[in-house]
Amino acid sequence: MTDKYAVIGHPIKHSKSPFIHAEFAKQCQQDIEYTSIEVPLDSLASSLQQLRDVLKLKGINITVPFKEQAWELADNLSDRAQRAGAINTVMFENNGSMFGDNTDGIGLCRDLENHDVNLKDKRVLLIGAGGAARGVIAPLMTYQPAELFIANRTASKAKKLAELFADLGQIQGGGFSEVNSHFDVIINATAASLQGEVPDLPASIFTEQTCCYDMMYANTDTAFIEWAKKHNVSKTVDGLGMLVEQAAEAFYLWRKVRPDTGSVMQKLRDDMQAS
Ligand code: NDP
């Protein structure tokens with residue numbers, strides 16, 4: 001029997017996850033169906049129940065704005081999800097319980113590795129303090145950067161995250177005005193690029209050796225990547241690879257097979273450039 005999966009969010013119609021998982025399934029010869037479902041903003045708990053009991057889904061991916069709320073509703077959590085405070089992947093177990101995982105962090109780390117971005121002993125700036133930023137802090141710290149500075153428009157949120165993860169190493173947090181030096185690696189985890197904006201940070205964060213990563217992706221350079229390029233940084237990477245890598249980790253959790261991600265990234269990139 002075909003196992004069914006879906007990605008849920010609000011809105012959801014532009015999600016690339018159905019395409020990615022269809023490619024993984026073809027490649028790994030897995031008999032699955034994967035769709036996208038828009039869930040009303042005020043009914044996540046009942047929607048999850050329906051997806052499990054009525055539609056008989058085996059698992060789901062969760063995107064904006066439900067990741068934190070779904071974390072609260074999960075019956076069991078992986079260690080990395082426990083720490084992340086948000087989940088993007090659910091597996092419905094045979095006894096009906098809901099297991100939550102967060103694959104965003106590993107997705108980012110794998111993509112950084114794909115692009116030979118080295119974090120060990122480096123000064124890293126993480127911009128943003130929302131769900132995506134929170135989910136990647138612990139995985140980033142496993143590379144032992146010299147320092148992680150979390151900068152956010154709302155300073156208090158960055159400070160809170162820095163305190164929450166203080167046991168993992170040298171982590172500081174603050175508002176944009178508190179950032180006054182340059183970094184080796186800069187990761188933009190804000191939604192600013194969605195509005196074509198860049199975080200209100202000084203250009204002194206960049207040097208010609210800096211590598212910049214934007215979790216956002218588009219068929220042209222994001223606003224943040226355009227800004228970084230203007231300052232002649234050494235490397236820029238967008239979040240398309242992270243998207244595919246986090247999906248591959250979810251696919252592995254569900255199907256116990258690991259798809260090749262490079263070919264799927266290339267297809268997505270070609271598709272985006274053609275549109
Ligand atoms: P949240 O809504 O949880 O957080 C949004 C963050 O962006 C906050 O820190 C907010 O600051 C900041 N922000 C929003 N607008 C601006 C702006 N104009 N200038 C400066 N800061 C701004 O979103 P998520 O954390 O879930 O997602 C953040 C981004 O990461 C999105 O673009 C999302 O698409 C992307 N993402 C990509 C993934 C991938 O696989 N490539 C996976 C997950 C996320 P404040 O706290 O002050 O409001």
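Each chain has its residues counted from 1, running along the sequence as written. Totals for whole chains, interfaces and linings use every residue, but because this is a predicted model, local features are given only for residues with pLDDT of at least 70 and side-chain atom pairs only at 80 or more, for both listing and counting. With hydrogens and water excluded, all non-hydrogen atoms of the structure serve as input to the side-chain values.

Stated formally: UniProt positions are given in the numbering used here, feature names are shortened, and annotations may be inferred rather than shown by experiment.
The name recorded for the chain in an unreviewed UniProt entry is Shikimate dehydrogenase (NADP(+)), from Methylophaga thalassica. The Pathway (unreviewed entry) comment attached to the chain in UniProt states, word for word, "Metabolic intermediate biosynthesis; chorismate biosynthesis; chorismate from D-erythrose 4-phosphate and phosphoenolpyruvate: step 4/7." Under the UniProt heading Function (unreviewed entry), the entry covering the chain gives this text: "Involved in the biosynthesis of the chorismate, which leads to the biosynthesis of aromatic amino acids. Catalyzes the reversible NADPH linked reduction of 3-dehydroshikimate (DHSA) to yield shikimate (SA)."

Comments concerning the UniProt feature "domain: Shikimate dehydrogenase substrate binding N-terminal" (unreviewed entry) in the chain
Condition: Numbered from the N terminus, helices here are DSSP runs of H or I no shorter than four residues, and strands are runs of E no shorter than two.
Taking the UniProt record as the reference, the feature "domain: Shikimate dehydrogenase substrate binding N-terminal" (unreviewed entry) is found at residues 7-90. For the annotated span residues 7-90, helix accounts for 42% and strand for 21% of the residues, and the straight-line distance between the end C-alpha atoms is 10 Å.

Focus on the packing of helix α1 (residues 17-28) against helix α10 (residues 262-274)
To keep things clear, this is the line we draw: Fitted lines through C-alpha atoms give the axes, limited to the stretch in contact for helices. The angle between two N-to-C directions lies from 0 to 180 degrees. Comment on the angle field: the value is read as roughly parallel under 35 degrees, roughly antiparallel over 145, roughly perpendicular from 65 to 115, and oblique elsewhere. Left-handed is the label given to a crossing in which the near helix is rotated counterclockwise from the far helix by less than a right angle, and right-handed is the label when the rotation is clockwise. Residues count as neighbours in contact if any of their non-hydrogen atoms are within 4.5 Å of one another. Any residue that is not Ala, Val, Leu, Ile, Met, Phe, Trp, Tyr, Cys, Pro, Asp, Glu, Lys or Arg is counted as polar, Gly included; the first ten are nonpolar and the last four charged.
Packing of α1 against α10 leaves a shortest axis separation of 10 Å and a crossing angle of 140°. Looking at the two axes, α1 sits oblique to α10. Between α1 and α10 lies a crossing of right-handed hand. Across the interface between the two elements, Phe-19, Ile-20, Glu-23, Phe-24 and Gln-27 of α1 pack against Ser-263, Val-264, Lys-267 and Leu-268 of α10. Its residues assigned to classes, the contact of α1 with α10 shows 5 nonpolar, 2 polar and 2 charged.

Focus on the packing of helix α5 (residues 104-114) against helix α9 (residues 240-255)
It is the contact of α5 with α9, at a shortest axis distance of 7 Å, that shows an interaxial angle of 125°. By the criterion of interaxial angle, the relationship of α5 to α9 is oblique. Regarding α5 and α9, the two cross each other, and that crossing is right-handed. Contacts between α5 and α9 involve Asp-104, Ile-106, Gly-107, Leu-108, Arg-110, Asp-111 and Asn-114 on the former and, on the latter, Gly-241, Met-242, Glu-245, Gln-246 and Glu-249. The residue inventory of the contact of α5 with α9, partitioned by class, reads 3 nonpolar, 4 polar and 5 charged.

Brief notes about the pattern of salt bridges
Quick reminder of the rule: Each salt bridge in this description consists of a side-chain nitrogen of Lys or Arg and a carboxyl oxygen of Asp or Glu lying within 4 Å of one another. Throughout this description, buried means an accessible area under 20% of the type-specific maximum (1.4 Å probe, protein chains only), exposed means over 50%, and partly exposed covers the range between.
In this structure the tally under the stated criterion is 15 salt bridges. In this structure, the salt-bridge partner of Lys-267 is Glu-23, at a minimum N-O distance of 2.9 Å. Taken together, the residues Lys-267 in helix α10 and Glu-23 in helix α1 connect sequence positions 244 residues apart. Accessibility expressed as a relative area gives 41% for Lys-267, which makes it partly exposed. Asp-121 is the salt-bridge partner of Lys-120, the closest N and O atoms lying 3.9 Å from each other. A residue is classified by how much of its surface remains accessible, and Lys-120, at 41% relative accessible area, is partly exposed.

Quick notes on the side chain of Asp-104
Selection criterion: Whenever a nitrogen or oxygen atom comes within 3.5 Å of another N or O atom, the pair is scored as a polar contact, on the condition that within protein one atom can donate a hydrogen and the other can accept it, and that pairs from neighbouring residues in sequence are kept only if both atoms are in side chains.
In this fold, Asp-104 is placed in helix α5. At a separation of 2.8 Å, a polar atom in the side chain of Asp-104 contacts the side chain of Lys-67. Residues within four places of Asp-104 in sequence aside, it is in contact with Lys-67, Asn-88, Val-136, Met-242 and Gln-246.

Some details on the environment of Ile-8
Along the chain, the position of Ile-8 falls in strand β1 (residues 3-9). For Ile-8, a relative accessible area of 0% corresponds to the buried category. Considering only alpha carbons, one finds Ile-8 and Leu-48, 40 residues apart in sequence, at a separation of 9.4 Å. Beyond its immediate stretch of four places on either side in the chain, Ile-8 contacts Ile-37, Val-39, Leu-44, Leu-48, Leu-51, Ile-60, Asn-61, Ile-62 and Thr-63.

Focus: helix α8 (residues 223-230)
Three or more residues of α8 are buried, namely Ala-223, Phe-224, Ile-225, Trp-227 and Ala-228. On its buried side, α8 packs onto β7 (123-127), β10 (185-188), β11 (211-214) and β12 (235-238). A positive backbone phi angle near 55° is found at Asn-232, which sits one or two residues after α8.

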